Amino acid sequence: MMNRKIGDSPAIQNAMNVITFLLASMLSTMNVKLNTGLMLTISSELVLGAGSGSSASFAVSVAGTVYTLVKWLLGDVEDSNSLDVSISDSVNKWAFLAEQITHGKPSGLDNAVCTWGGLVKLKKLPLSTEISNVLWMGRLEILLIDTGHGKPSGLDNAVCTWGGLVKLKKLPLSTEISYLLWMGRLEILLIDTVIDICKGHDLHAKLTGAGGGGYAYALVPPYARGGLDACVRELERARYTVYRDIQLGGQGFELKIDRCYCVGLKDKVSL
């Protein structure tokens, strides 16, 4: 269920394309007819298009839900919350196809991480890419810092229109953008500020999404935890949103079944 209109943003349009592709493709491939409506409720705390892998997690969630629903209607899935390895592999393959709609030529790494969790290894071969799940029980703690660059602010189009230096000032209820004669780029200053603040507290930050995202993250080693509170306060004073207690290496796609009534295709299915 989406409370926003389809035409609200490219992200919403892309999400609908992914849902339509996965639903239509799986139903036709497995020769199943869905004679009832389907309500899909999706929630996320991540900013869309900010380099955090939100498109991959979305694709895996939808692929896993639709695939399980179709297999259940066929009678191939038992009433259990466990996720069979073969189902997990199929979910990953479908999610990779959905990622191609979003990104064109993805590596397959993001959807593999979202499906399997833990540590995923990518090895580039001359003619292909090999991705495997590595057994690892560790956890990596990070700070996730929202630079605001993933949200449309008018800054990018202003820079492209005017060139030089464009100044962005956040006001309580609006954003003020003005032009200054300079040959630099403001986006570099934004991430440099994050990097400098973190560096002052023995942390090293970088942008997500191969340097093009709206988030920055910093690995938190044990020796730096003592100064973590001060670092967060300084970042927040600079008007960045900081998420703490973020751990990498957790569980991937998880199937939780609340209730299901399946006696043929005309009955209600709730996943």
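Looking at an unreviewed UniProt entry, the protein chain carries the name Mevalonate kinase-like, with the source organism given as Diaphorina citri.

## Section: the overall build of the protein chain
For the protein chain, the count of helices and strands is seven helices and 10 strands. Buried residues in the protein chain amount to 35% of all 271 residues. When contacts within the protein chain are restricted to residue pairs at least 6 apart in sequence, long-range pairs at least 24 apart make up 60% of them. On the protein chain, roughly 16,600 Å² of surface is accessible, and the fraction owed to carbon and sulfur atoms is 54%.

## Brief notes about the state of the cysteines
Across all of its chains, the model carries zero disulfides by this definition. Here Cys198 is not cross-linked by a disulfide; its sulfur's nearest cysteine counterpart is in Cys231, at 4.3 Å. Taking relative accessible area as the criterion, Cys198 reaches 0% and is therefore assigned buried.

## With respect to the pattern of salt bridges
Applying the stated criterion to the full structure yields one salt bridge. Note that Asp229 and Arg244 form a salt bridge whose closest N and O atoms lie 2.6 Å from each other. You can see Asp229 sitting in helix H7 (residues 228-237) and its partner Arg244 sitting in strand S8 (residues 241-248), a full 15 residues away along the chain. Asp229 sits in the partly exposed class, given a relative accessible area of 39%.

## Focus: the packing of helix H2 (residues 54-73) against helix H4 (residues 109-116)
Between H2 and H4, the shortest axis-to-axis distance is 8 Å and the interhelical angle comes to 55°. One element, H2, and the other, H4, form an angle in the oblique class. Like other packed secondary-structure pairs, H2 and H4 cross with a definite hand, here right-handed. For the pair H2 and H4, the contacting residues are Ala56, Ser57 and Val60 in the first and Asp110, Asn111, Cys114 and Thr115 in the second.

## Things to note about the sheet that holds strand S7 (residues 215-219)
The four strands are arranged S6-S7-S3-S8 in an open sheet whose pairing can be described as antiparallel. Two strands lie at the open edges of the sheet, namely strand S6 (205-207) and S8, each paired on one side alone. Taking each pair of neighbouring strands and ignoring which way they run, the sheet shows an average axis angle of 30°.

## So, the pairing of strand S2 (residues 129-134)
As defined by bridge partners, strand S1 (residues 119-124) adjoins S2 across six bridges and the pair is classed as antiparallel. Bridging across to S2, Leu119 finds its partner in Val134. In sequence, S1 turns back onto S2 through a hairpin of four residues.

## Some words on a nonpolar patch on the surface
Side chains of Leu119, Trp136, Leu140, Leu219 and Leu248 sit close together on the surface and give an oily, nonpolar patch of about 410 Å² of accessible area. Trp136 sits in the partly exposed class, given a relative accessible area of 32%.

## Overview of the side chain of Glu141
Note that Glu141 resides in strand S3 (residues 140-146). Not counting chain neighbours up to four residues away, the residues in contact with Glu141 comprise Ala218, Leu219, Val220, Arg225, Leu228, Asp245, Ile246 and Gln247.

## What to know about the packing of aromatic side chains
Evaluated as defined, the whole model comprises two aromatic pairs. Relative to Tyr243, the ring of Tyr215 has its centre 6.5 Å away and its plane inclined at 65°; by these criteria the two rings are edge-to-face. With Tyr215 in strand S7 and Tyr243 in strand S8, this residue pair connects regions lying 28 residues apart in the sequence. Taking relative accessible area as the criterion, Tyr243 reaches 29% and is therefore assigned partly exposed.

## Notes on the packing of helix H1 (residues 10-29) against H2
It is at 10 Å that the axes of H1 and H2 come closest, and there the two elements cross at 25°. Relative to H2, the element H1 is oriented roughly parallel. Pair H1 / H2 crosses with right-handed handedness. Here Ala15, Val18, Ile19, Leu22, Leu23, Met26 and Leu27 of H1 lie close against H2, whose contacting residues are Phe58, Ala59, Val62, Ala63, Val66, Tyr67 and Val70. Here the contact of H1 with H2 is composed, by residue class, of 14 nonpolar, no polar and no charged.

Scoring rules and cut-offs
- Residues numbered from 1 in each chain as written.
- Predicted model: local features only at pLDDT ≥ 70, side-chain atom pairs only at ≥ 80, totals over all residues.
- Heavy atoms only, no water.
- Helix = DSSP H or I, 4+ residues; strand = E, 2+ residues; numbered from the N terminus.
- Buried < 20%, exposed > 50% of the residue type's maximum accessible area, 1.4 Å probe, protein only.
- Contact = heavy atoms within 4.5 Å.
- Areas by Shrake-Rupley, 256 points an atom, 1.4 Å probe, with all protein chains shown as cover.
- Disulfide = S-S within 2.5 Å.
- Salt bridge = Lys/Arg side-chain N within 4 Å of Asp/Glu carboxyl O.
- Axes fitted to C-alpha atoms, helices over the stretch in contact; angles between N-to-C directions.
- Parallel < 35°, antiparallel > 145°, perpendicular 65-115°, else oblique.
- Left-handed = near helix turned anticlockwise from the far one by under 90°.
- Pairing = 2+ DSSP bridges.
- Patch = residues over 30% accessible without salt bridge, like charges linked within 9 Å, V, L, I, M, F, W, Y side chains within 5 Å.
- Phe/Tyr/Trp six-rings, centres within 6.5 Å; stacked < 30°, edge-to-face > 60°.
- Nonpolar A, V, L, I, M, F, W, Y, C, P; charged D, E, K, R; others polar.

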